[in-house]
Amino acid sequence: MRSVEITDEEHGFILMMRTMRLDQIICVMMLNNFLPKELPNKFDHIVNIINLNFNKSYEIHTIKTLIEFISMHPVYNQLFQQHSLDEMIQKYQTNNVAGSDGVNELYLKPYTIECIQCKKQLKPTFSHRSKTVMSLVRTFKALISTCVCQDCNIQIFPNFYIHNNKKIFTVESIKNDQYIYLNGNQIFEQNLLIDFDHQLVQNTVSFEGYTNAYNLKIKMIFERQNQSSSVMQSTSYNITYLNERNFQMAWLLINVVKFFFMTTNEKSITIPMSARDVDECNDFFLMIKSDLYEKFVNFWTRHQRFTRTCDPATCSRVFIVDGHQKANRLICQHKNVFDNTIPELASNVDHRFCQHHQPPRASSSAIYQLIDGNKEIDLDRSALIQSGINNISKISSYGFLATFLNCSVIVGFTEQPCSEGSECKDFIWICLTRFGPLPAAMCYDCACTLKLFVEKHFGSENLKSTNFTAFLPSLSMAIDRFHVKNHKRAMCKTIMRPDHECHNGIYNAINTQVAEQGYCILPWSQAVTLCNSDRKCGGFALTTDRNWHSAYDKNNEAAVSLYATGAKRDSTTNLEWTALDKKCWMFNT
């Protein structure tokens, strides 16, 4: 047997291996290179991390001797130098090396390799064209692999499967959600979708605004890296920007899928084949919107079954309704429409006019236009699909009506073009009672008018008595505490007050102003920012009411109440309030 002599460097390496495994030595040197030398007790930290991770009990002198030995010998030190795989792959791709297309930073595999129907084990196959992953702080390339069962005509992707030309999400596939791919050339990292969720909820950011901000951020990050990276400087690298339409549709579809699985016991749901096909997606949303609303109402009106944050003594005791015209929702400007969808309310057809010239009336769920031949077409579709966000042929006055439970949970909502009346609120409650139970008491800013309307018209053609409206005469009604001080009717000073004895204490310890808080009460600094950026904001009002400030001020900052452009704010009727209108100038803090 031929003997092989080893060098001194190799002998030293063998001695190190006898002291510690190679993977552990690599981790020791990675930690040594990462932690600054000025860090107090640096070697103690390294020993603790290694012992904890590998379940060992190395002494500090062992680790310290090993680090010093490797650092003093250039040959060993070079062995443990860190290299960026991302930069190596980018350099390989951007230098146009033959056959480099298959090398990417990420490889997405099917969520299962077992056929959905026949349960046969399948072999994944990677596509030849790479996709771009849109992550929170950068973009990079990835390859998608799929499994195909020829016998069952099924193709399995990372997030869904396709069967008979139908794209199907399952309970199992949606769990594989670190990266979301529906179709096209872009993959969305889950962290990006989560970031948009919070930007939407906390800052009311639009898809357009978020996309523009993201693309500018990615460009700036890329330029900064390009200045410091030798790989970027020596190669040409194209930036792929976030596509607003694809991102919006992917976000909508994924959240529809999640909501569907959250509110039902179904195991699968079919979505449009192409997220880029606007017509197909709009048809899908129009088809499911009523069903989704029913599930939404049914789920949240019964939230006391699973909530852990609500007070059991007051949860779902009262519901609060309020209407606003603050949403910048564009609708078709055609005015010859009527509403025929509410059987409990009187017909909105004006018999003074012929069928071709009805006066403007509108409904929240379905709007119909009288056309030649006495046929009806769904104008809600027109309002949703027409393009052109600043199209002057459309109007943007759209009322938004919402129903809250007193525990700050929204349990119903609707939109009402150019309208915010008591009949609209009746319509909300009628819809709600079809899908979920409501409390026996309610509040809103003009409950007195509604009470008079119900007393006068219930059982008549204007408000028919049905199983869905039977609760209205016995419904306990009160004006919320925020608005009741401004009401002048005699009933408003007695039975319409939430604390009146006739209500038997049902409104005690109830926050009757939850609808106002949800819409237009903000700290001063946030109100200034919002009002300056929203052309529909007409200004905000300040008050000297100590109880109001005790309820809404946060972090020693005064809260103010915003109001819409055109809203009447007469301080002479309530001396505790002062209105500051936004005119041709901007507020500042």
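What counts, and where the lines are drawn
Residues numbered from 1 in each chain as written. Predicted model: local features only at pLDDT ≥ 70, side-chain atom pairs only at ≥ 80, totals over all residues. Heavy atoms only, no water. Salt bridge = Lys/Arg side-chain N within 4 Å of Asp/Glu carboxyl O. Helix = DSSP H or I, 4+ residues; strand = E, 2+ residues; numbered from the N terminus. Buried < 20%, exposed > 50% of the residue type's maximum accessible area, 1.4 Å probe, protein only. Core = buried A, V, L, I, M, F, W, Y, C linked by side-chain atoms within 4.5 Å. Contact = heavy atoms within 4.5 Å. Phe/Tyr/Trp six-rings, centres within 6.5 Å; stacked < 30°, edge-to-face > 60°. Lys NZ or Arg CZ within 6 Å of the ring centre and 35° of its normal. Axes fitted to C-alpha atoms, helices over the stretch in contact; angles between N-to-C directions. Left-handed = near helix turned anticlockwise from the far one by under 90°. Nonpolar A, V, L, I, M, F, W, Y, C, P; charged D, E, K, R; others polar. Parallel < 35°, antiparallel > 145°, perpendicular 65-115°, else oblique. Expected span 1.5 Å × (residues − 1). Arc of directions from axis to C-beta. pLDDT = per-residue confidence, 0-100. Patch = residues over 30% accessible without salt bridge, like charges linked within 9 Å, V, L, I, M, F, W, Y side chains within 5 Å. Areas by Shrake-Rupley, 256 points an atom, 1.4 Å probe, with all protein chains shown as cover. Disulfide = S-S within 2.5 Å.

Counted according to the given criterion, the structure contains seven salt bridges. Note that Glu-455 and Lys-451 form a salt bridge whose closest N and O atoms lie 3.7 Å from each other. With Glu-455 and Lys-451 both in helix H15 (residues 447–457), this residue pair falls four residues apart, about one helical turn. Take Glu-455: its relative accessible area is 55%, and that puts it in the exposed class.

Before going further, it helps to spend a moment on the nonpolar core. Phe-169, Leu-182, Ile-187, Phe-188, Leu-192, Phe-247 and Phe-285 are the most contacted members of the largest nonpolar core, which has 49 residues in total. The element best represented in this core is helix H11 (residues 244–263), accounting for eleven residues. Residues within four places of Phe-247 in sequence aside, it is in contact with Phe-188, Leu-192, Leu-193, Phe-196, Phe-207, Tyr-210, Thr-211 and Leu-242. Membership of the second largest hydrophobic core comes to 26 residues, among which are Val-411, Leu-438, Cys-448 and Met-491.

The next thing to look at is the side chain of Ser-135. Mapped onto the fold, Ser-135 is located in the loop between strand E3 (131–134) and strand E4 (139–149). Setting aside chain neighbours within four positions, we find Ser-135 in contact with Phe-140, Glu-189, Leu-192 and Tyr-214.

In this structure the tally under the stated criterion is 21 aromatic pairs. On the basis of an interplanar angle of 35 degrees and a centroid distance of 6.5 Å, the ring pair of Phe-259 and Phe-296 is categorised as tilted. Of this pair, Phe-259 sits in helix H11 while Phe-296 sits in helix H12 (residues 278–300); the two residues are 37 residues apart in sequence, bridging distant segments of the chain. Note on accessibility: Phe-259 and Phe-296 belong to one class, buried. Above the plane of the ring of Phe-160 lies Lys-167, whose end atom (NZ or CZ) is 4.7 Å from the centre.

Take the packing of helix H2 (residues 22–34) against helix H3 (residues 42–54) next. Running from N to C, H2 and H3 cross one another at 145 degrees; their axes reach a closest spacing of 10 Å. As H2 runs across H3, the sense of the crossing is right-handed. When H2 is examined against H3, the residues Asp-23, Gln-24, Cys-27, Val-28, Leu-31 and Asn-32 are found in contact with a partner set consisting of Lys-42, Phe-43, Ile-46, Ile-49, Ile-50 and Phe-54. Each residue belonging to the contact of H2 with H3 can be placed in one class, and the counts come to eight nonpolar, two polar and two charged.

Turning our eyes to something else, we now look at the packing of H2 against helix H4 (residues 60–72). Orientation of H2 relative to H4, taken along the N-to-C sense of each, is 80 degrees, at an axis distance of 11 Å. By the angle between their directions, the pair H2 and H4 is classed as roughly perpendicular. Where H2 approaches H4, its residues Ile-25, Val-28, Met-29 and Asn-32 are matched on the opposing element by Ile-63, Leu-66, Ile-67, Ile-70 and Ser-71. Taken together, the residues of the contact of H2 with H4 break down into seven nonpolar, two polar and no charged.

For the rest of this paragraph, the subject is helix H8 (residues 190–203). For H8, spanning 14 residues, the distance from its first C-alpha to its last is 19 Å, which sits close to the expected 20 Å at 1.5 Å a residue. The complete set of buried residues in H8 reads Gln-190, Leu-192, Leu-193 and Phe-196. The buried residues of H8 occupy an angular sector of 160 degrees when projected down its axis, which confines them to one face. Facing away from the buried side of H8 by over 90 degrees, the exposed positions are His-198, Val-201 and Gln-202. One or two residues past the end of H8 sits Thr-204, with phi positive at roughly 45 degrees.

Right, let's talk about the confidence of the model for the protein chain for a bit. Reading fine detail from the predicted coordinates is not recommended where pLDDT is low. When pLDDT is averaged along the protein chain, the result is 79, and 76% of the positions lie at 70 or above. Per-residue pLDDT stays below 50 along residues 361–394; that stretch engages in 77 contacts with residues further than four places along the chain or on separate chains.

We now examine the environment of Gly-539. The topology assignment puts Gly-539 in strand E20 (residues 537–543). The sequence separation of Gly-539 and Ala-579 amounts to 40 residues, and the corresponding C-alpha distance is 7.4 Å.

Quick look at the environment of Gln-526 now. The residue Gln-526 is located in helix H17 (residues 524–533) in this model. Along the primary structure Gln-526 and Val-560 are separated by 34 residues, whereas in three dimensions their C-alpha atoms are 9.5 Å apart.

What follows is about unusual backbone geometry. For Asn-55, which is not glycine, the phi dihedral falls at a positive 55 degrees. Along the chain, Asn-55 turns up in the loop between H3 and H4. We note that Ser-408 has phi near 70 degrees; this positive angle belongs to a residue other than glycine. According to the relative accessible area criterion, Ser-408 is partly exposed, its value standing at 47%.

What follows covers a nonpolar patch on the surface. Residues Met-17, Leu-22, Ile-26 and Met-30 make up a contiguous nonpolar surface patch of roughly 300 Å² in combined accessible area. Ranked by residue count, the leading element in the nonpolar patch is H2, at three residues. As for its placement among the helices and strands, Met-17 is situated in helix H1 (residues 8–19).

Right, let's get into the state of the cysteines. Within this structure, the stated rule accounts for zero disulfides. Not engaged in a disulfide, the cysteine Cys-149 finds its nearest cysteine sulfur in Cys-115; these two sulfurs lie 3.6 Å apart.

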